[in-house]
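Structural overview for review
Spelled out, the chains give:
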Amino acid sequence: MTDEWIRIAAPATTSNIGAGFDIFGIALKEPYDIIEGRKIESGIVITEVSGPGSDSIPLDPSSNSVGIAAAEVLRRCEADFGIEIKIKKGIRPCSGIGSSGASAAGGAYLAHILCGEKLNLTELVLCAAHAEDVTSGGFHADNVAPCVLGGFTIIRSYEPFEVISIKPPEDLGVVVAMPDVLVPTKESRAVLPKEVGVKDLVFHVGNASCLVYAMMSGDLGLIGRSVKDAVFEPARAHLVPHLKQAESAAMSHGALVSFLGGSGPCIISFYDKGSHNGDQIADSIKSLYAENGMKCDTWVTECGSGCRRI
Ligand code: HSE
């Protein structure tokens, strides 16, 4: 049995977003992975992985995010077929913008389409989060949730699992800067504290609550003031050379806020598309890294939809 190839675009995502460690995430318009697949008799077979960082990605489906997530969907749907998969990475691994999450969500979405869309989207998020658990050292869904659902996602609870998605303001621009350093999520999670104090908890709840309100009401100034992290970014800052200088450069070129994306090393800057120029923010960070002898890729983008068929 073979069938026609279908193609899925699975977007990059930025997670944590200040005070929402493992809770908040946003789907970005660019960059994205392309996951292609077709039905075969049985099993998951990955025949090609291309694109940036693809030489570090295993073809073995039991240790590949796409393969693990797709297999979980086939299992839940009791499918009587397998899938041949080709992966075109647009998001380099160890970037902090949900590279493994995009692959996992794309694999889950591909299998979902091939199975006749029997699962609901929350179940798809869980299938993708299962792959994240296997490959990145912790069950977290703050990248795969926006990658499946689109928009700004909030995980209210992991057990039982409940997630919602809200539409971010239209004029919220996003600059992604990716310095040329690899930060594996496993390592970046290993440096985190196991407990937080009441003072930090109070600070995080206040900022997280106001960020949700600001996203819903479109208050860009409040978004800028509410993306604050007293715990996780400070613990990880040493993993990303020149992080604080890069954030300052973005702020002095009009960003509303600039912060560590997910587990790093990406630096995310929000800006008002109506009044500021994202290219200037991107160039300021690029120049800073160039002055320090490091390459830095940038994307001037915006919030986007979740996985889609292309
Ligand atoms: N919330 C996760 C973390 C995202 O910060 O470890 C990983 O990309």
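Look above for the structure.
So, a few notes on the structure that sits alongside this text. Just so it is clear, the model here is predicted, and its values are computed rather than measured. (Residues numbered from 1 in each chain as written. Predicted model: local features only at pLDDT ≥ 70, side-chain atom pairs only at ≥ 80, totals over all residues. Heavy atoms only, no water.)

1. Description of the environment of Glu-72
- Mapping Glu-72 onto the fold places it in helix H1 (residues 65–76).
- It is 17 Å that separates the C-alpha atoms of Glu-72 and Ser-136, two residues lying 64 residues apart in sequence.
- Discounting residues that sit within four places of it in the chain, Glu-72 has contacts with Cys-127 and His-130. (Helix = DSSP H or I, 4+ residues; strand = E, 2+ residues; numbered from the N terminus. Contact = heavy atoms within 4.5 Å.)

2. Comments concerning the nonpolar core
- Core analysis: the biggest nonpolar cluster contains 75 residues, and Ile-85, Phe-152 and Phe-270 have the highest contact counts within it.
- For this core, the element with the highest residue contribution is helix H2 (residues 99–114), accounting for 9 residues.
- Those residues within four positions of Ile-85 in sequence are excluded, and the remaining contacts are Ile-35, Glu-36, Gly-37, Ile-44, Val-45, Ile-46, Thr-47, Glu-48, Val-66, Ala-70 and Leu-110.
- Core analysis: the second largest hydrophobic core is formed by 18 residues, Ala-177, Ala-246, Ala-250 and Ala-282 among them. (Core = buried A, V, L, I, M, F, W, Y, C linked by side-chain atoms within 4.5 Å. Buried < 20%, exposed > 50% of the residue type's maximum accessible area, 1.4 Å probe, protein only.)

3. As for the layout of surface pockets
- The calculated volume of the largest pocket comes to roughly 690 Å³.
- For the largest pocket, the lining is made up of 37 residues, of which Pro-93, Cys-94, Ser-99, Ser-100 and Thr-135 are closest to its centre.
- Sorting the residues of the lining of the largest pocket by element identifies strand E1 (6–16), strand E2 (20–40), H1, H2, helix H3 (121–136) and helix H5 (185–190) as the ones contributing at least two each.
- Tallied by class, residues from the lining of the largest pocket come to 9 nonpolar, 20 polar and 8 charged. (1 Å grid on protein atoms, 1.4 Å probe; cavity = no way out; pocket = protein on both sides within 12 Å on 5 of 7 lines; lining within 4 Å. Points joined across faces, edges and corners; volume = space filled by probe spheres on them. Nonpolar A, V, L, I, M, F, W, Y, C, P; charged D, E, K, R; others polar.)

4. So, the packing of H1 against H3
- Two numbers describe how H1 lies on H3: the axes approach to 8 Å, and their chain directions differ by 140°. Here H3 runs oblique to H1, going by the angle between their axes. Crossing geometry of H1 relative to H3 is assigned as right-handed. Here Ser-65, Ile-68, Ala-69, Glu-72, Val-73 and Arg-76 of H1 lie close against H3, whose contacting residues are Glu-123, Leu-124, Leu-126, Cys-127, Ala-128, His-130, Ala-131, Val-134 and Thr-135.
- Looking at the contact of H1 with H3, its residues break down into 9 nonpolar, 3 polar and 3 charged. (Axes fitted to C-alpha atoms, helices over the stretch in contact; angles between N-to-C directions. Parallel < 35°, antiparallel > 145°, perpendicular 65-115°, else oblique. Left-handed = near helix turned anticlockwise from the far one by under 90°.)

5. A few points about the site of the ligand
- As a matter of local geometry, the ligand sits amid Ser-15, Asn-16, Phe-21, Asp-22, His-140, Asp-142, Asn-143, Thr-185, Arg-189, Arg-236, Gly-262 and Ser-263.
- In this structure, an oxygen atom belonging to the ligand sits 2.8 Å away from a side-chain N or O atom of Asn-16.
- A total of 260 Å² of accessible area belongs to the ligand in isolation, and the protein chains cover 98% of it.
- When atoms are counted within 2 Å of each cavity's grid points, the one that captures over half of the ligand is the largest pocket.
- Elements with a contribution of two residues or more to the shell around the ligand: E1, E2 and H5.
- Classifying every residue of the shell around the ligand gives 1 nonpolar, 7 polar and 4 charged. (Near = heavy atom within 4 Å. Polar contact = N/O pair within 3.5 Å; in protein donor to acceptor, adjacent residues only side chain to side chain. Areas by Shrake-Rupley, 256 points an atom, 1.4 Å probe, with all protein chains shown as cover. Sits in = over half its atoms within 2 Å of the grid points.)

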